[in-house]
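Listed below are the residues making up each chain.
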Amino acid sequence: MAAEREGVVIIHPPSKMLERERMVPPLGPLQLAADLESDGYEKVRVIDVGGDKLDLEPLMEAQAILLSATTPQYLEAREICRAVLQERGKKGLEYPTLAVGGAHATYMGSLLLKDGWDYVCVGEGDLVVTPLVEGRVASGLVLGGQVGDLNTLPMPAYHRIDISQYRRSQEHKPTIPIMTSKGCPHDCSFCSNEVWGRRVRFYKPDYVVGLIKKITQLGVEQVVFYDDDALINPGERLQRICKGIEPLDVTWRCNTHVNTIVNPRAQNLGVLEMVRDAGCRHISLGIDGVDDESLSYLRKGTTVARCKEAVRLVKEAGSYVKVFLIYIPRRGDIYAQKMIDFVKDTDPDFVQVSVLIPMPGSDMYSHPGEYGLNFRKSEVDRFYYCGPKGVSGDIGMLDEEDHHAIDYLYRWLSDWRESKPEMPI
Ligand code: SF4
């Protein structure tokens, strides 16, 4: 067993983007916990802060405190960093080592070192987490890179967290997230896929089926595929996964791209019917734009006709369909009405609307002028929009007309949602 001070604590900060905390266990921290376990660490604690107050005192004996944060989680992560640094200062300790990784650290890199972290990890943390905890790498920026063969990774340490505290809704049973691939080949102007890159790496069917078997052994019957596009490779690999999980009697949902669904090859292979028969009850589509001009602005690489066709095909196959849409600043009520018309026209089962956030690392963030945008880049982690929480953080991107349009849109959506049955997963 590796030498340990008092173990390693991995913290998942709350996210402002979520309507509700603790819907599913945090996959990134559970993967890091598994990486450490496989290197001989037994004292690994995963804390999903959610709405709880974090009690730092018992954590100060740890060898290292690791945080994984997306952009909407970063301000909370920084608060935790400051609190630990303060405690360290008061007690005259050099430990616990403080490290941050995840999407925001990957976009921002060494800029985050000013917040006091001992380490900022860029890219995937799997290969560097143990050397970092053991102080075998120089402090500062750590380049995690990408894992070449995902199948060499241990399965996420789901046993490190109390699964029963997670519910996607009050009525639903616990649901566990998995990934069957990493990476996204698309190039949306507002998105940065720097952590996993544009090359898609796949877990083998045996790994995926084995992982889902392990999940069912925990008594969990619902799984969320977190892949950016879980159906992107609709051939033999997906067929083997579906065949392997069909007898396990799990219910699952996944994300996919419009073009994947309308692709004639996928249709010929009967992909939607195949995944439905293997337990897929819900497919989410990142449609984002509602006319050809906005789809081009967002660089979605598709057309509104294809978007409508994709929604129709999922419904026809008998799965629930959720669509993500993005309100684009400075488009006002006219665009909000177009979004409403799109929803009326396609009649999906669920709609989630966000306000455009140019993610650090995206083309839109790097060249806002080319997109007619003007905002304070350094404050982008303060800005979010999600359902009832509304818009927060004025970064200079929205004007009065935008706020009016967003309010109008959200009020309409609230009424519309009332008329819809709840999604099963
Ligand atoms: S928004 Fe989705 S489809 Fe577009 S690049 Fe990002 S992950 Fe890929």
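Our subject is the structure listed above.
The structure contained in this document is the topic of the report that follows. (Residues numbered from 1 in each chain as written. Predicted model: local features only at pLDDT ≥ 70, side-chain atom pairs only at ≥ 80, totals over all residues. Heavy atoms only, no water.)

## Let's talk about the overall build of the protein
This is how the line gets drawn: By the criteria applied, helices consist of DSSP H or I runs no shorter than four residues and strands consist of E runs no shorter than two, each listed in order from the N terminus. Radius of gyration: over C-alpha atoms. The globule rule applied is 2.2 Å multiplied by the number of residues raised to the 0.38 power. Relative accessibility under 20% of the residue-type maximum defines a buried residue, over 50% an exposed one, and the middle range a partly exposed one, all with a 1.4 Å probe and only protein chains included. Any two residues whose heavy atoms approach within 4.5 Å are treated as being in contact.
From N to C terminus, the protein includes 14 helices and 16 strands. For the protein, whose C-alpha radius of gyration is 22 Å, the value lies close to the compact-globule estimate of 22 Å for 425 residues. For the protein, the spread of C-alpha atoms along the principal axes amounts to about 60 × 55 × 35 Å. Counting across all 425 residues of the protein, residues that qualify as buried make up 57%. Restricting the contact set of the protein to residue pairs at least 6 apart, pairs at least 24 apart contribute 74%.

## Points about the side chain of E124
How we decide: Each polar contact in these results corresponds to two N or O atoms within 3.5 Å; when the atoms are within protein, one needs to be able to donate a hydrogen and the other to accept it, and residues that are neighboring in sequence are counted only if both atoms are side-chain atoms.
Its place among the elements puts E124 in the loop between β5 (119-123) and α4 (129-133). Accessibility expressed as a relative area gives 3% for E124, which makes it buried. Here the side chain of E124 touches V147 through a polar contact of 2.8 Å, landing on its backbone nitrogen. Looking at E124, its side chain comes within polar contact range of the side chain of R201, at 2.5 Å. Aside from chain neighbours lying at most four places away, what touches E124 is G144, G145, Q146, V147, K182, V195, W196 and R201.

## Brief notes about the site of the ligand
Condition: Here a residue is considered near a molecule or strand provided that any single heavy atom belonging to it is located within 4 Å of it. Here the term charged refers only to Asp, Glu, Lys and Arg, the term nonpolar to Ala, Val, Leu, Ile, Met, Phe, Trp, Tyr, Cys and Pro, and the term polar to all other amino acids, Gly among them.
Surveying the vicinity of the ligand reveals the residues C184, H186, C188, F190, C191, N193, D228 and K300. Considering only residue class, the shell around the ligand consists of four nonpolar, two polar and two charged.

## A few points about the sheet that holds strand β13 (residues 320-327)
Stated precisely, the cut-off is as follows: A strand pair is defined by DSSP finding two or more bridges across the two strands. The axes used here are C-alpha line fits, helices contributing only the stretch in contact, and every angle between their N-to-C directions lies in the interval 0 to 180 degrees.
The sheet built from six strands is open, its strands ordered β7-β10-β11-β12-β13-β14 with parallel pairing. Each edge of the open sheet is held by one strand with a lone partner, namely β7 (175-178) and β14 (350-355). Adjacent strand axes in the sheet meet at a mean angle of 20° when their direction is disregarded. Here strand β12 (residues 280-288) pairs with β13 via six bridges, running parallel. Paired with H282 across the bridge in β13 is Y320.

## Some points on the sheet that holds β5
As summarised here, the arrangement of the six strands in space is β2-β1-β3-β4-β5-β6, forming an open sheet in which the pairing is parallel. Of all the strands in the sheet, just β2 (44-48) and β6 (140-145) have a single pairing partner and so form its edges. Adjacent strand axes in the sheet meet at a mean angle of 20°, parallel and antiparallel pairs treated alike. Here five bridges tie strand β3 (residues 64-68) to strand β4 (residues 97-101), and the two strands are oriented parallel to one another. Note on β4: the bridge partner recorded for L67 is V100. The sheet contacts of helix α1 (residues 27-38) involve β1 (8-12), β2 and β3, and relative to β1 the element is tilted by about 165°.

## Focus on the pattern of salt bridges
Stated precisely, the cut-off is as follows: When a carboxyl oxygen of Asp or Glu is within 4 Å of a side-chain nitrogen of Lys or Arg, the pair counts as a salt bridge.
Tallied over the entire structure, the rule returns 27 salt bridges. Note that K90 is salt-bridged to E87, the shortest N-O span being 3.0 Å. Taken together, the positions of K90 and E87, both in helix α2 (residues 74-91) and three residues apart, correspond to about one turn of that helix. In this structure, E124 engages R201 in a salt bridge whose closest nitrogen and oxygen atoms are separated by 2.5 Å. Placement of E124 in the loop between β5 and α4 and of R201 in strand β9 (residues 201-202) is noted, with a sequence separation of 77 residues between them. It is possible to trace a salt-bridge network through shared partners that takes in E57, E87, K90 and K91.

## Some details on the pairing of β1
Of all five residues that make up β1, five are buried, and the element is covered over most of its length. Residue alternation in β1 divides its side chains into two sets, V8, I10 and H12 and V9 and I11, and both sets are buried. The pairing of β1 with β2 spans five bridges and is parallel. Bridge assignment links V9 to a residue of β2, and that residue is R45.

## Some points on the packing of aromatic side chains
Using the following cut-off: Aromatic pairs are defined between Phe, Tyr and Trp rings, using the six-membered ring for Trp, whenever the two ring centres lie within 6.5 Å; interplanar angles under 30 degrees are classed as stacked, those over 60 as edge-to-face, and all others as tilted. Two conditions define a charge located above a ring, namely a distance within 6 Å from the ring centre to NZ of Lys or CZ of Arg, and an angle within 35 degrees of the ring normal.
All told, the structure shown has seven aromatic pairs when counted by the stated rule. Measuring from ring centre to ring centre gives 4.3 Å for F225 and W252, while their planes differ by 15°; the resulting arrangement is stacked. You can see F225 sitting in strand β10 (residues 222-225) and its partner W252 sitting in strand β11 (residues 251-256), a full 27 residues away along the chain. On the accessibility criterion, F225 (3% relative accessible area) is buried. Classification of W252 as buried rests on a relative accessible area of 1%. Above the face of the Y335 ring, R331 is positioned so that its terminal group lies 5.7 Å from the ring centre.

## A word on unusual backbone geometry
In this structure, the amide linkage connecting Y95 to the following residue, P96, adopts the cis form with an omega of -5°. Phi is positive for R330, which is not a glycine, with a value near 70°. Inspection of the secondary structure puts R330 in the loop between β13 and α12 (332-346). The phi torsion at D347 lies on the positive side, around 50°, for a residue other than glycine. With respect to the element layout, D347 can be found in the loop between α12 and β14. The exposure class of D347 is partly exposed, given its relative accessible area of 32%.

## Side note on the packing of α12 against helix α14 (residues 400-418)
Going by this rule: By definition in this entry, angles of less than 35 degrees are roughly parallel, angles greater than 145 are roughly antiparallel, angles of 65 to 115 are roughly perpendicular, and the rest are oblique. It is the rotation of the near helix from the far one that decides the hand of a crossing: anticlockwise by less than a right angle makes it left-handed, clockwise makes it right-handed.
Contact geometry for α12 and α14: axes closest at 8 Å, N-to-C directions at 20°. The orientation of α12 relative to α14 falls into the category roughly parallel. By crossing handedness, the relation of α12 to α14 is classed as right-handed. On the side of α12, the interface is formed by G332, D333, A336, Q337, M339, I340, V343 and K344, while α14 contributes E401, D402, H404, A405, Y408, L409, W412 and W416. Broken down by class, the residue content of the contact of α12 with α14 amounts to nine nonpolar, three polar and four charged.

In short, geometric facts, not functional conclusions.
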